[in-house]
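Remarks on the overall topology
Spelled out from the first residue to the last, the chains are:
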Amino acid sequence: MIFNYQIIIEYLGTDYVGWQIQKNGLSIQQIVQKALTKVLGSKIKVNGSGRTDAGVHAKGQSANFISNREIKDKYKFLNSVNFFLKKKSISIIKINKKKINFHARHNVKKKIYKYIILNRETFSPIYDKKVWLVKNKLNVAEMRKGVKFYLGTHNFTSMRAASCVAKSPIRTITKAQINKKSDKIIITFESKSFLQKQVRSMVGCLKYVGENKWKAEKIKSLINQKKRELCAPPAPPEGLYLEKVFY
């Protein structure tokens, strides 16, 4: 008999090449598979809900795996697998048994990404490599105007990486909002899927708006022009978090 399990994974992506296994360095997927294989006693392959780039973090990455061993004590299982992960800045925070046809990537309905900008003049040892430190004071009111232009269905050619392999540049953004908490600016995006570096590119453009280098309306024209070379530099990976995946 075989069993299908969904796991929710939290990690700091700082020291990794990203979620997906690659030849050029250590990935989250590789570490998680190794830990699961040790605990379950057979080779485990993990399917993630999608890739996160090098340096990007997750509070709620979703994945699934097939096992011929039933996990009866979830608490014991989580303690065992996290014993191998705790020094790796990775934690499996939840496990659920699923129907055999559940697939963490194919069944995704929407994802939420959050980007955190620390907007102050001084470096933070507490938030180092967990936020984007922007020292110039940003105009959040203008950024809020700009973020609305991302809402809806658009061709995001101007905001995808050159190496993006997605068949279509069309994406639908169902939520795009900005909240300010003290010296943190938190930008939230929701969509079924995102192009490679799309969120970071969108944030980079918003920073230009916040610095008054661009008018908010420039974002609308940038989307319409569909030229990647016109985009602002993408925000660095350390401020980006995969917050939650919905099915």
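The rules behind these values
Residues numbered from 1 in each chain as written. Predicted model: local features only at pLDDT ≥ 70, side-chain atom pairs only at ≥ 80, totals over all residues. Heavy atoms only, no water. Phe/Tyr/Trp six-rings, centres within 6.5 Å; stacked < 30°, edge-to-face > 60°. Buried < 20%, exposed > 50% of the residue type's maximum accessible area, 1.4 Å probe, protein only. Lys NZ or Arg CZ within 6 Å of the ring centre and 35° of its normal. Helix = DSSP H or I, 4+ residues; strand = E, 2+ residues; numbered from the N terminus. Polar contact = N/O pair within 3.5 Å; in protein donor to acceptor, adjacent residues only side chain to side chain. Axes fitted to C-alpha atoms, helices over the stretch in contact; angles between N-to-C directions. Parallel < 35°, antiparallel > 145°, perpendicular 65-115°, else oblique. Left-handed = near helix turned anticlockwise from the far one by under 90°. Contact = heavy atoms within 4.5 Å. Nonpolar A, V, L, I, M, F, W, Y, C, P; charged D, E, K, R; others polar.

Right, let's talk about the packing of aromatic side chains for a bit. The geometry of an aromatic ring pair is captured by two quantities: the separation of the ring centres and the angle between the planes. Under the criterion given, the structure shown has nine aromatic pairs. Both rings, one in tyrosine 208 and one in tryptophan 214, keep their centres 5.1 Å apart while their planes meet at 90°; by these two values the pair is edge-to-face. Classification of tyrosine 208 as partly exposed rests on a relative accessible area of 21%. Among the residues examined, tryptophan 214 registers a relative accessible area of 13% and is labelled buried. Connected via pairs of aromatic rings, a cluster forms that spans Phe3, Tyr5 and Phe65. Directly above the ring of tyrosine 241 sits lysine 59, whose terminal nitrogen or CZ lies 5.4 Å from the centroid.

Below, the discussion takes up the environment of asparagine 155. Secondary-structure assignment places asparagine 155 in strand 7 (residues 152–155). Engagement of the side chain of asparagine 155 in a polar contact is seen with the side chain of threonine 157, the distance being 2.5 Å.

Right, let's talk about the packing of helix 3 (residues 140–147) against helix 4 (residues 198–210) for a bit. Contact geometry of helix 3 with helix 4 gives a least axis separation of 8 Å together with a crossing angle of 140°. Relative to helix 4, helix 3 is oriented oblique. Considering only the axes of helix 3 and helix 4, their crossing is right-handed. Every residue of helix 4 that contacts helix 3 at Glu142, Met143, Gly146 and Val147 is listed here: Leu206, Val209 and Gly210. Split into classes, the residues belonging to the contact of helix 3 with helix 4 amount to four nonpolar, two polar and one charged.

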